[in-house]
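Residues per chain, in single letters:
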Amino acid sequence: MSVFADIAGTGAATTGNRVTNAIAMASRRTGVDFAYLLGQAKIESSLNPTARATTSSATGLYQFVDQSWLAVIDQHGSEYGLGWAADAISRGSNGRYYVADPDLRQQILDLRKHPETASVMAAEHAADNKATLEQRLGREAEPVDLYMAHFLGVGGASRFLSMNDRAPNAAAAAMFPAAARANRSIFYDKQGNARSFAEIRDRFAAKLQKGFDSVGGGAIQYADASLPAGAKAVQPADYVRIETQRLASAADVTGIRPQPQTARLAYLMLATLGR
């Protein structure tokens, strides 16, 4: 099955296929490691596009909280047919992102439940972190380093990884007391001994690999790997076109007639048509 048929939501497609294809498309578009993106999504949401956290605003495959999602849409949305969303987002003097229209704000936040959008935004965010880490560390950032940036923020990850490169056997809790208090099981073992920088990084690497392996990641082909020779490469506009086509097909079943002339309507209808 081609990636376009699968993502368009045909009867033969499954949610799992759509999610893994969405992640693979995002990997191809951005160059971010597929195994990392798949493993991260498994850890964050168990590959559930509509997952919601009970203790925060985190939502979707990659559990973006509201502010992080608005930030990445503001920065990268226009590259993927979401200029309407990026244009609606402003940043206050306090550094927080906001949308003046509350209904529009919710519609933008609901895009976290859309696998293609969530995956490519997570990949763009990881690519931004990768560039920053490599500049600060003076070496290539590995997938586990990207997860450290997800866990500690890119600034915290830079400090953690710099120390890991210099003194991997040093205890990490002393440098990150607040994170250690909030995540005791990560920074300390069951006996209460502080884990080293290397131990924590290795445990995150194993966690990512486990997430990848648990969904048969090694057997998953990139979504567009099976496309015939000469087939059109995935472009940003394809995300909009695919969703618009899906809405047009859904209209035949639901009787709802979206007007697919604009990218904005195609995405906004996600909240009302559902899956």
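Structure's up top.
Residues numbered from 1 in each chain as written. Predicted model: local features only at pLDDT ≥ 70, side-chain atom pairs only at ≥ 80, totals over all residues. Heavy atoms only, no water.

1. A word on the overall build of the protein
Now for step 1: When you go through the protein residue by residue, the secondary structure sums to 14 helices and two strands.
Now for step 2: The proportion of buried residues among the 275 residues of the protein is 47%.
Now for step 3: Considering only intrachain contacts with a sequence separation of at least 6, the fraction spanning at least 24 residues in the protein is 58%.
Now for step 4: Carbon together with sulfur atoms contributes 49% to the accessible area of the protein, which is approximately 13100 Å² in total. (Helix = DSSP H or I, 4+ residues; strand = E, 2+ residues; numbered from the N terminus. Buried < 20%, exposed > 50% of the residue type's maximum accessible area, 1.4 Å probe, protein only. Contact = heavy atoms within 4.5 Å. Areas by Shrake-Rupley, 256 points an atom, 1.4 Å probe, with all protein chains shown as cover.)

2. Structural notes on helix 4 (residues 66-76)
Now for step 1: Listed as buried for helix 4 are Asp66, Gln67, Trp69, Leu70, Val72, Ile73 and His76.
Now for step 2: On its buried side, helix 4 packs onto helix 5 (83-88), strand 1 (89-91), strand 2 (97-99), helix 6 (102-110) and helix 7 (115-137).

3. Remarks on the environment of Ala127
Now for step 1: Assignment of secondary structure puts Ala127 in helix 7.
Now for step 2: Expressed as a C-alpha distance, the spacing of Ala127 and Thr30, which sit 97 residues apart in the sequence, is 7.1 Å.

4. Quick notes on the pattern of salt bridges
Now for step 1: On inspection of all chains with the given rule, the structure shows nine salt bridges.
Now for step 2: Two residues, Asp165 and Arg139, come together in a salt bridge whose shortest N-O distance is 2.8 Å. Here Arg139 lies in the loop between helix 7 and helix 8 (143-166) and Asp165 lies in helix 8, a separation of 26 residues in the sequence.
Now for step 3: Among the residues examined, Asp165 registers a relative accessible area of 40% and is labelled partly exposed. (Salt bridge = Lys/Arg side-chain N within 4 Å of Asp/Glu carboxyl O.)

5. Thoughts on the packing of helix 3 (residues 34-45) against helix 11 (residues 197-214)
Two quantities define a packed helix pair, namely the angle between the axes and the distance from one axis to the other.
Now for step 1: It is at 7 Å that the axes of helix 3 and helix 11 come closest, and there the two elements cross at 90°. Classified by the angle their axes make, helix 3 and helix 11 are roughly perpendicular. Of the residues in helix 11, those in contact with Phe34, Ala35, Tyr36, Leu38, Gly39, Gln40, Lys42 and Ile43 of helix 3 are Lys207, Leu208, Gly211, Phe212 and Ser214.
Now for step 2: Tallied by class, the residues present in the contact of helix 3 with helix 11 amount to seven nonpolar, four polar and two charged. (Axes fitted to C-alpha atoms, helices over the stretch in contact; angles between N-to-C directions. Parallel < 35°, antiparallel > 145°, perpendicular 65-115°, else oblique. Nonpolar A, V, L, I, M, F, W, Y, C, P; charged D, E, K, R; others polar.)

6. Let's talk about the layout of surface pockets
Now for step 1: Volume-wise, the second largest pocket comes out at about 440 Å³.
Now for step 2: Lining the second largest pocket we find 24 residues, and of these Phe64, Ser68, His125, Asn129 and His150 sit closest to its centre.
Now for step 3: Counting residues per element, the ones that place at least two in the lining of the second largest pocket are helix 3, helix 4, helix 7 and helix 8. (1 Å grid on protein atoms, 1.4 Å probe; cavity = no way out; pocket = protein on both sides within 12 Å on 5 of 7 lines; lining within 4 Å. Points joined across faces, edges and corners; volume = space filled by probe spheres on them.)

7. Some words on the packing of helix 4 against helix 6
Now for step 1: It is the contact of helix 4 with helix 6, at a shortest axis distance of 10 Å, that shows an interaxial angle of 85°. By the angle class used here, helix 4 and helix 6 are roughly perpendicular. On the side of helix 4, the interface is formed by Asp66, Trp69, Leu70 and Ile73, while helix 6 contributes Arg105, Ile108 and Leu109.
Now for step 2: Taken together, the residues of the contact of helix 4 with helix 6 sort by class into five nonpolar, no polar and two charged.

8. A few points about the packing of aromatic side chains
Now for step 1: One pass over the structure, following the stated rule, counts seven aromatic pairs.
Now for step 2: An angle of 85° between the planes, with centres 6.4 Å apart, marks the rings of Phe34 and Phe212 as edge-to-face. Here Phe34 is found in helix 3, whereas its partner Phe212 is found in helix 11, with 178 residues between them in sequence. In terms of burial, Phe34 and Phe212 fall into one category: buried.
Now for step 3: Plain terms: the ring middles of Phe64 and Trp69 are 5.0 Å apart, the flat faces sit at 65° to each other, and that makes the pair edge-to-face.
Now for step 4: Classification of Phe64 as buried rests on a relative accessible area of 8%.
Now for step 5: On the basis of relative accessible area, Trp69 is assigned to the buried category, the value being 0%.
Now for step 6: In this structure an aromatic cluster arises from ring pairing among Tyr147, Phe151, Phe187 and Phe204. (Phe/Tyr/Trp six-rings, centres within 6.5 Å; stacked < 30°, edge-to-face > 60°.)

9. Some remarks on the environment of Phe204
Now for step 1: By secondary structure assignment, the location of Phe204 is in helix 11.
Now for step 2: With 56 residues separating them in the primary sequence, Phe204 and Met148 have C-alpha atoms 7.7 Å apart.
Now for step 3: Discounting chain neighbours no more than four positions away, the residues touching Phe204 are Val144, Tyr147, Met148, Phe151 and Ile186.

10. Here's the deal with helix 3
Now for step 1: Counted at 1.5 Å a residue, the expected span for helix 3 with its 12 residues is 16 Å, and the 16 Å between its end C-alpha atoms agrees.
Now for step 2: Every buried residue of helix 3 is listed here: Phe34, Tyr36, Leu37, Leu38, Gly39, Gln40, Ala41 and Ser45.
Now for step 3: The distance from a side-chain oxygen at the start of helix 3 to the backbone nitrogen of Ala35 is 3.2 Å, and the residue carrying that oxygen is Asp33. (Expected span 1.5 Å × (residues − 1). Polar contact = N/O pair within 3.5 Å; in protein donor to acceptor, adjacent residues only side chain to side chain.)

Keep in mind that these numbers describe shape and distance, not what the molecule does.
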